[in-house]
Structure formats: structure tokens, C-alpha cells
There are 2 protein chains.
Amino acid sequence: MKKTVLVFGLLILALLLLFQFSKYTLISGDLQIEYIMAFVALAFLGIGLFINKRTQKQRPLPNREIDLNKVEELGLSKREYEVLKEVALGLSNQEIAGKLFVSESTIKTHVSNLLVKLNAKRRTQAIQISKNLNII
Amino acid sequence: MKKTVLVFGLLILALLLLFQFSKYTLISGDLQIEYIMAFVALAFLGIGLFINKRTQKQRPLPNREIDLNKVEELGLSKREYEVLKEVALGLSNQEIAGKLFVSESTIKTHVSNLLVKLNAKRRTQAIQISKNLNII
DNA sequence: ATCTATTTGGTACTTTAGTATGAGCCTTCC
DNA sequence: GGAAGGCTCATACTAAAGTACCAAATAGAT
């Protein structure tokens, strides 16, 4: 938003400067009108392309954003959510335990709890549900 | 590629026409140089933005299309692939068996085979791998 | 400071998942 | 008409996953 305003401000400024410049050069007759025209055309073509790239960079998010609000709504604790993400990566309880430096029993407890909160019967179903809710 | 050449060809043509136009108007003195300049600037700004949008439209393909070729490459049979999709939906072997009207033993065999072909240790990992390969 | 929710962990148990092996039945492809 | 691959199913087993119940330490909020 602020960037857009800034860019357009600079554009207007550039336009005004170009007008002044063209006047002076026309009066003094140093430059031919064709060159000035070509310069202006290329400059604004470049500006157009530049704005294009800017807006392109801001785009790559339209797909899916993780909805952390829904995580709270579900009552998932921080640790449970962490375990859920590992489950979704395809890790076993044992592997998750090793990764998070806790025992397998702990992971089992977490998984069991998050299954209830997600209303899932299996971890594979939990993955599917989580994807539909955009929380992973 | 061809479109790019076409666009630039048209650009050059437009430039030449503008030059001719500016010469005539200058000679005849009908229009002031500032207006012509402003017109050229806006026109090329628009062209720049237009090119931008064109290239943007060509981008939205990185979304995700199911790559059936990769399914063949992996050597997954029709039935195995079918089972894989059900697994990814979070169903148990028993549920899949009921859905496809075969015994649970059959599903176990299919799952076991597809795990080998996908180089996965668990069905959850198979899901993850399949998503990365864009086959589900 | 007290209370609540979280995190951790254990035991004991049931249920799924996954492996190994063998076998019968089809279809397709030389 | 074999050979090969795919689909089906079974048994027997091992390995995970999941449930139930309990309990202690911790952190955060009131």
C-alpha cells in the first residue's frame, strides 16, 4: 500500500521533471525531439515492467496460508500442534520422539489427544483433516 | 517466445508511428509538445504493465496437476494407485477393503507393494512422498 | 500463592499396519 | 499356448499405532 503510493509519487515527479527537461532542451535546441521521445518511451516502458515485477513478487502467497486461528479454535496445544506437523511429514512416533527429545510414550499421548481434538480415528485421517482446515 | 517477438515488433512499430505523428503535429503546430510527451509516457507505461500481466498469466501453472506419467514411472499398477488415493484420504485398510469390495488381505498386499515402490516405510510417509511427486 | 492446563512419562492392553510366503485366477503379450 | 504381470485371498507373524488410566513436574493466569 505505502509502496504503491510512493511509486506513483515518484512517477509523477519523474513526469514533471521530464517536462521541464524537454522544455529546456527544446528551447536550446540541443537535442532532437525524436531522441527525447525515445528516451521517455523506453523509460516508462521500464517503469511499467518494474512495477510488474514488484507486484509479481508480492503474489506467490495466493495458494494456502496456514490458519493458526483454527489451531486455537480446535484447542490444540503448542506441543500437540508441533507433533501434528511431524506426523504429517510421515514420521513414526519413535522418530518424532527422537526429533523432539522426548519419549515415545509422550508422543503417543500427544497423538492420542490431537486425534480426539481433530475428531480423527487415525493419524492418516488427521493429516487429511488438517489439510482441509489449512493448519498444516 | 514467439509472443515476445511479436510484442516487441509491435512496440517498435508503435514507436515509429509515434515519431511520424509527433513530426507532423510539430510541423503543423497543432499540439503542444508536453501533451505528446505525456501521451507517449502513459502509453508506454501501459505497455509495460500489459507485458507484466501477460507474463503473470503464464505463471499460475505451478499450482499442482496430477502427474500420471510419474505413476507409470514408479511402476504403480492401477489398483495400487487406487488404493494409494484411498490411503491418502485417511481410510483404514478395512475401510478401503469395504469401499473397493475386496478383502482386507488384498488391501494389505497392495499397500505393502506400493510402499516398496514409493520407497516409504509407512503409509503416512507414502502420503507425503506422493504429494511431493504430485501423483495425488 | 493457588489453581489450571500443559508437558512429560509410565504400564498394560487392544487394534491396525505391515511383512513374508504361497497360491489360484485372469488378461495380455509374444 | 506358455510366460508375465496383475488381482485376489489366506495364514502367520512382527511391528507400530492407539486407548485407558495414572501421576508428577512445570508454567501461566488470577
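Within every chain, residues take consecutive numbers counted from 1 along the sequence as written. All chains are assigned letters beginning at A, and all ligands numbers beginning at 1, according to the order in which they are written. Predicted model: local features are reported for residues with pLDDT of at least 70 only, side-chain atom pairs are reported and counted for 80 or more only, and whole-chain, interface and lining totals are derived from all residues. Calculation of side-chain values draws on the structure's entire complement of heavy atoms; hydrogens and water are dropped beforehand.

What about the overall build of chain A?
From N to C terminus, chain A includes seven helices and zero strands. When the elements of chain A are put in sequence order from the N terminus, they spell out α-α-α-α-α-α-α. Two residues qualify as a contact provided that any one of their heavy atoms is within 4.5 Å of a heavy atom in the partner residue. Here the contacts in chain A between residues at least 6 apart in sequence split such that 52% fall between residues at least 24 apart. A 1.4 Å probe and the Shrake-Rupley method give the accessible areas. Residues count as covered only by the protein chains that appear here. Accessible area for chain A stands at about 8900 Å²; split by element, carbon and sulfur atoms hold 61% of it. Strands are runs of DSSP state E lasting at least 2 residues, helices are runs of H or I lasting at least 4, and numbering of each runs from the N terminus.

Overview of the protein's contact with DNA strand D
If a single non-hydrogen atom of a residue is within 4 Å of a molecule or strand, that residue counts as near it. Looking at DNA strand D, there are 18 residues lining it, with A:K108, A:S112, A:R123, B:S77 and B:S103 nearest. Within 4 Å of the protein, the contacting atoms of DNA strand D are drawn from sugar and phosphate to the extent of 72%. Measuring from a phosphate oxygen of DNA strand D, one finds a side-chain N or O atom of A:R123 at 2.7 Å. Distance and chemistry together define a polar contact, namely a pair of N or O atoms within 3.5 Å, with one atom able to donate a hydrogen and the other to accept it when in protein, and with adjacent residues in sequence counting only for side-chain atoms on both sides. Between DNA strand D and B:T106, the relevant distance is 3.0 Å, taken from a phosphate oxygen to a side-chain nitrogen or oxygen of the residue. When contributions to the surface near DNA strand D are tallied by element, the ones reaching two or more residues are helix 6 (104–118) of chain A together with helix 4 (78–88) and helix 6 (104–118) of chain B. Following the grouping adopted for this structure description, the nonpolar residues are Ala, Val, Leu, Ile, Met, Phe, Trp, Tyr, Cys and Pro, the charged ones are Asp, Glu, Lys and Arg, and the polar ones are all others, Gly among them. Per-class residue counts for the surface near DNA strand D are three nonpolar, nine polar and six charged.

Regarding the nonpolar core
As used here, the term nonpolar core means buried Ala, Val, Leu, Ile, Met, Phe, Trp, Tyr and Cys residues forming a set that is joined through side-chain atoms within 4.5 Å. Relative accessibility under 20% of the residue-type maximum defines a buried residue, over 50% an exposed one, and the middle range a partly exposed one, all with a 1.4 Å probe and only protein chains included. In this structure, B:V83, B:L84, B:I107, B:L114 and B:L118 are the most contacted members of the largest nonpolar core, which totals 21 residues. Within the residue set of this core, elements represented by two or more residues are helix 4, helix 5 (93–100), helix 6 and helix 7 (123–132) of chain B. Ignoring any residue separated from it by four or fewer positions in sequence, one finds B:L118 in contact with B:L74, B:L84, B:A126, B:I129, B:S130, B:L133 and B:I135. Core analysis: the next-biggest nonpolar cluster, separate from the first, contains 20 residues, A:A97, A:L100, A:L114 and A:I127 among them.

Quick look at the pattern of salt bridges
Salt bridge, as used here: a side-chain nitrogen of Lys or Arg that lies within 4 Å of a carboxyl oxygen of Asp or Glu. The tally for this structure, following the rule as stated, stands at ten salt bridges over all chains. Here B:E95 and A:R122 are joined by a salt bridge, their closest N and O atoms 2.8 Å apart. Taken together, the residues B:E95 in helix 5 and A:R122 in the loop between helix 6 and helix 7 (123–132) connect one chain to another.

Quick notes on the environment of A:V83
Residue and element names in this part refer to chain A. Note on placement: V83 falls in helix 4 (residues 78–88). Judged by relative accessible area, V83 falls into the buried class, the value being 0%. For the pair formed by V83 and N93, sequence separation is ten residues and the distance between their alpha carbons is 9.1 Å. V83 has contacts with I96, L100, I107, H110, V111 and L114, leaving out every residue within four places of it along the chain.

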